[in-house]
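A look at the structure
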Amino acid sequence: MKYVVGARGSQLSIAQTNWVISELKKVNPDCEYEIKSITTKGDTDSRPLFTINQKGIFEKEVDRAVAQKEVDFAVHSLKDVPSKLDESLIIASIPKRESVNDVFISSDGSSLENIKQGAVIGTSSLRRAVQVSRIRPDVTVKPIRGNIETRIRKVSGENFDAIVLAQAGISRLEVDVKFTPLSIDNFSPSPGQGAIAIVARVDDSNTISMLKKIEDADSRLEIEAERALSDYVDSGCRFPLGAYAKSNGSEMTLTVSAFSVDGKQSLQVSKTGSKNDPTSLGKNAGEELQEKGVNDLALNWREKVEEWNKT
Ligand SMILES: NCc1[nH]cc(CCC(=O)O)c1CC(=O)O
């Protein structure tokens, strides 16, 4: 049996897709896989500056190829996959997740704690921008565009002294670059960070069961809790949010941090529950955030995003 696999044109997407194919070949030795790279607007345009709620615009283009049967399945970074897929599609498989943490990459090897005063730090993630400025209010956080390799090249000390990226992307690309890991406490990751989602057609049960062979049960439960939480707060999610679920025996703990866009206010919630009910865990954490007034964090978000884009 031969499968055609959809991927974006970016190097990360190709690297992730190759990794998925090598895992699939171990358990489906008789199957063949061919990558069909789908050039999306995200691979041709420059990425946006700081934004909120732009999630998944490029992944949707690849998913359309799955829905239209141009490819059999697609491989994505889960954190970029919107919570609502087309009704003909399903996240068929979640393989074992990579590191969830962010990392700090600087031109002179210094860490976020000891980098020189007034350093210029690049990121286009509002979550990371806020997290950086809370630890080092003296640095300047500036939006940086381009894919991972381009961003790393920009850390020359000329335009950027440092950047923040996901460790998972660097590991998957096998980039040879020095970095310091950032703690999950200070840099609560984006929901789903480090995980890969394989999207297939909901009625294609043969492909789904072939893909399920590389599913990792704990990774699936963890990302379900993180996504249930972000779904719960999504309607008014005009604030930077980090969420991280970790299973431990039969339990799972979901820790969530939410910030106002200017970084001045924050809320943290940590909930433990049965790992087999990730949806309730995510919803419970969301309810507690709402009781604590999370919606107030979103006040004036538009003006605050514009402020970030002026730096
Ligand atoms: N939004 C871009 C993106 N999508 C997935 C990854 C890396 C892999 C992952 O986080 O799972 C990255 C780069 C980054 O955040 O540094």
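Refer to the structure printed above.
First things first, this report covers the structure right here in the doc. None of these values were measured; they are calculated from a predicted model.

1. Examining the overall build of the protein chain
Secondary structure summary: the protein chain contains 10 helices and 13 strands in total. The C-alpha radius of gyration of the protein chain comes to 19 Å, within 12% of the 19 Å expected for a compact globule of 311 residues. C-alpha atoms of the protein chain, sized along the principal axes, occupy 60 × 45 × 35 Å. Looking at the protein chain as a whole, 53% of its 311 residues are labelled buried. Long-range contacts, defined here as pairs at least 24 residues apart, represent 70% of the contacts in the protein chain between residues at least 6 apart. A total accessible area of about 14300 Å² is found for the protein chain, and carbon and sulfur atoms account for 44% of it.

2. A short note on the pairing of strand β2 (residues 32–38)
Across 7 bridges, strand β1 (residues 2–8) lies against β2 in parallel orientation. Its bridge partner being in β2, K2 is matched across the sheet by E32. In this region the chain leaves β1, passes through helix α1 (residues 11–27) and returns to the parallel neighbour β2; the handedness of that crossover is right-handed.

3. Here's the deal with the packing of aromatic side chains
If you walk through the whole model with that rule in mind, you get 3 aromatic pairs. Seen in terms of ring centroids, Y3 and Y33 are 5.6 Å apart; in terms of plane orientation they differ by 20 degrees. Their pairing is stacked. Taken together, the residues Y3 in strand β1 and Y33 in strand β2 connect sequence positions 30 residues apart. The interplanar angle of 75 degrees and the centroid separation of 6.4 Å between the aromatic rings of Y33 and F73 together place this pair among those described as edge-to-face. Residue Y33 is located in strand β2, and its partner F73 is located in strand β3 (residues 73–77); the two are separated by 40 residues in the primary sequence. Considered together, Y33 and F73 belong to a single accessibility category, that of buried residues. Aromatic rings pair up to connect Y3, Y33 and F73 into one cluster. The ring centre of W19 lies 5.5 Å from the NZ or CZ of R172, which sits over that ring.

Rules used throughout
- Residues numbered from 1 in each chain as written.
- Predicted model: local features only at pLDDT ≥ 70, side-chain atom pairs only at ≥ 80, totals over all residues.
- Heavy atoms only, no water.
- Helix = DSSP H or I, 4+ residues; strand = E, 2+ residues; numbered from the N terminus.
- Rg over C-alpha atoms; globule rule 2.2 N^0.38 Å.
- Buried < 20%, exposed > 50% of the residue type's maximum accessible area, 1.4 Å probe, protein only.
- Contact = heavy atoms within 4.5 Å.
- Areas by Shrake-Rupley, 256 points an atom, 1.4 Å probe, with all protein chains shown as cover.
- Pairing = 2+ DSSP bridges.
- Right-handed = clockwise from strand over helix to strand, strands pointing away.
- Phe/Tyr/Trp six-rings, centres within 6.5 Å; stacked < 30°, edge-to-face > 60°.
- Lys NZ or Arg CZ within 6 Å of the ring centre and 35° of its normal.

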